[in-house]
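Commentary on secondary and tertiary structure
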Amino acid sequence: MCAPWRWADRPDSEAPHTDELARSIERDGQVAPAIVRPVRDPNRPEIRYEIIAGCVRWRAALRARQSLLVDIRPDLSDQAAFAIMVVENDLRRGLSDYTQSKRYQRALEEGLFASKGELAAAMGLSNTHLSKYLGFAKLPEAVVAACRDIAALPLTTGYLLASLCGKGFQEQVAALLPRVEAGEIVGRLLEQLAADPKQFRRYLSRPPAAATDTDTPSAGRSPPRRFVSSSGQALFTVNLSQRHAVVSFAGRLRALLGDERFLNQLQALVEQAEVRQD
């Protein structure tokens, strides 16, 4: 029997495609094997292998009542196994920035890697980039719970909000969250706020643009529209107001904004729409 290893990092909330994969395995069989290594646990003698990468495939195979196709790696160290898991997740369905942040935080706190430098090198991250992840991971639980969708919060945004909380502005950050998630206070505006928290008075001196507990739009603002794939994976969110429109891509899909081909296709679509309106 198999079971996920202790460092498994994908929460159920970020595996909406399990049922779809189960149907695929039942219909076509399993294409990619799960990576496992032998394990002996006196507390669970029935478990012979721990799953390093492929926990969703394992759950899907169980639902499809099919045997799991595995690639057995008996000599993997914990550090090498962790790196394989990260690469597998990034290549398939990338995790949210918040989940990645908590993954790296745990790897350091529980001693999987001896230092930030060692973890950064193993993951192919710069120290600055890793510091952002670790900063985001410190976002207080009360603020995380107040987020409408923590999985959609970008890395830099989460890092800046956590920084403000660390300076004693947790209450103000929680009050500002609706505007941040609506795309009203992002990018340069949020950087300026993090550098000069006195600006909170400017943003909190008027009612929030969107309510925290409802999707009812305020005057001149439509409720956010969230678009997902056919398998339920978050794709992007559109926020419209009288002044501007903001499109926020989820997780690793934000990398599309650095893809020239994608941007050219987007430009062509916008130009076509402009022609139709004319």
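Above this text you will find the structure in question.
The structure contained in this document is the topic of the report that follows. As the structure is a prediction and not an experimental result, all values here were calculated from the model.

Reading the values: the criteria
- Residues numbered from 1 in each chain as written.
- Predicted model: local features only at pLDDT ≥ 70, side-chain atom pairs only at ≥ 80, totals over all residues.
- Heavy atoms only, no water.
- Helix = DSSP H or I, 4+ residues; strand = E, 2+ residues; numbered from the N terminus.
- Buried < 20%, exposed > 50% of the residue type's maximum accessible area, 1.4 Å probe, protein only.
- Contact = heavy atoms within 4.5 Å.
- Areas by Shrake-Rupley, 256 points an atom, 1.4 Å probe, with all protein chains shown as cover.
- Axes fitted to C-alpha atoms, helices over the stretch in contact; angles between N-to-C directions.
- Parallel < 35°, antiparallel > 145°, perpendicular 65-115°, else oblique.
- Nonpolar A, V, L, I, M, F, W, Y, C, P; charged D, E, K, R; others polar.
- Pairing = 2+ DSSP bridges.
- Phe/Tyr/Trp six-rings, centres within 6.5 Å; stacked < 30°, edge-to-face > 60°.
- Lys NZ or Arg CZ within 6 Å of the ring centre and 35° of its normal.
- Core = buried A, V, L, I, M, F, W, Y, C linked by side-chain atoms within 4.5 Å.
- Left-handed = near helix turned anticlockwise from the far one by under 90°.

Turning next to the overall build of the chain. Of the regular secondary structure elements, the chain holds 12 helices and 7 strands. Per-residue burial over the chain gives 39% buried out of 278 residues. Contacts in the chain between residues at least 24 apart in sequence constitute 61% of all its contacts with a sequence separation of at least 6. Split by element, the accessible area of the chain, about 15,900 Å² in all, is 51% carbon and sulfur.

To continue, consider the packing of helix H4 (residues 97–109) against helix H6 (residues 127–136). Contact pair H4 / H6: the axes reach a minimum separation of 8 Å and the direction vectors enclose 95 degrees. Classified by the interaxial angle, the pair formed by H4 and H6 is roughly perpendicular. On H6, the residues that touch Asp97, Tyr98, Gln100, Ser101, Tyr104, Gln105 and Leu108 of H4 are Leu130, Tyr133, Leu134 and Phe136. Grouping the constituent residues of the contact of H4 with H6 by class yields 7 nonpolar, 3 polar and 1 charged.

Let's shift gears to unusual backbone geometry. Backbone geometry at Arg65 places phi at a positive 55 degrees, although glycine is not the residue there. With respect to the helices and strands, Arg65 occurs in the loop between helix H2 (55–63) and strand E4 (70–72).

The strand order across the open sheet formed by 4 strands is E1-E3-E2-E4, and the pairing between neighbours is mixed. Two strands in the sheet have a free side with no partner beyond their single neighbour: strand E1 (2–4) and E4. Direction aside, neighbouring strands of the sheet carry axes that sit 40 degrees apart on average. The pairing of strand E2 (residues 34–38) with strand E3 (residues 49–53) spans 4 bridges and is antiparallel. Counterpart to Pro38 in the pairing with E3 is Tyr49. Set on the sheet, H2 makes contact with E1, E2 and E3; between it and E1 the angle comes to about 135 degrees. Contacts between helix H3 (residues 78–91) and the sheet are confined to E2 and E3, with E3 contributing the most and set at about 50 degrees to the helix.

Scanning the entire structure with this criterion turns up 5 aromatic pairs. Ring centres of Phe82 and Phe113 lie 5.6 Å apart, and the angle between their planes is 70 degrees; on these two criteria the pair is classed as edge-to-face. Of this pair, Phe82 sits in helix H3 while Phe113 sits in the loop between H4 and helix H5 (116–123); the two residues are 31 residues apart in sequence, bridging distant segments of the chain. Residue classification places Phe113 among the buried residues on the basis of a relative accessible area of 3%. Through successive ring pairs, a cluster of aromatic residues spans Trp7, Phe82 and Phe113. Arg103 extends its terminal NZ or CZ atom over the ring of Tyr104, reaching a point 4.8 Å from the ring centre.

Counting 46 residues, the largest nonpolar core has Phe82, Tyr104, Met123, Leu139, Ile150, Leu153 and Leu161 as its most contacted members. If near-sequence neighbours (up to four positions away) are discounted, Leu139 is found in contact with Val144, Ile150, Leu153, Gly158, Leu161, Ala162 and Cys165. Counting 8 residues, the second largest nonpolar core, distinct from the first, contains Cys2, Val36, Ile51 and Leu68.

At a closest axis distance of 10 Å, the pairing of H3 and H5 adopts a crossing angle of 50 degrees. For the element pair H3 / H5, the angle class is oblique. Judged by the twist between their axes, the crossing of H3 over H5 is right-handed. Residues Phe82, Ala83 and Val86 of H3 touch H5, and the partners they reach there are Leu119, Ala122 and Met123. Its residues placed into classes, the contact of H3 with H5 shows 6 nonpolar, no polar and no charged.

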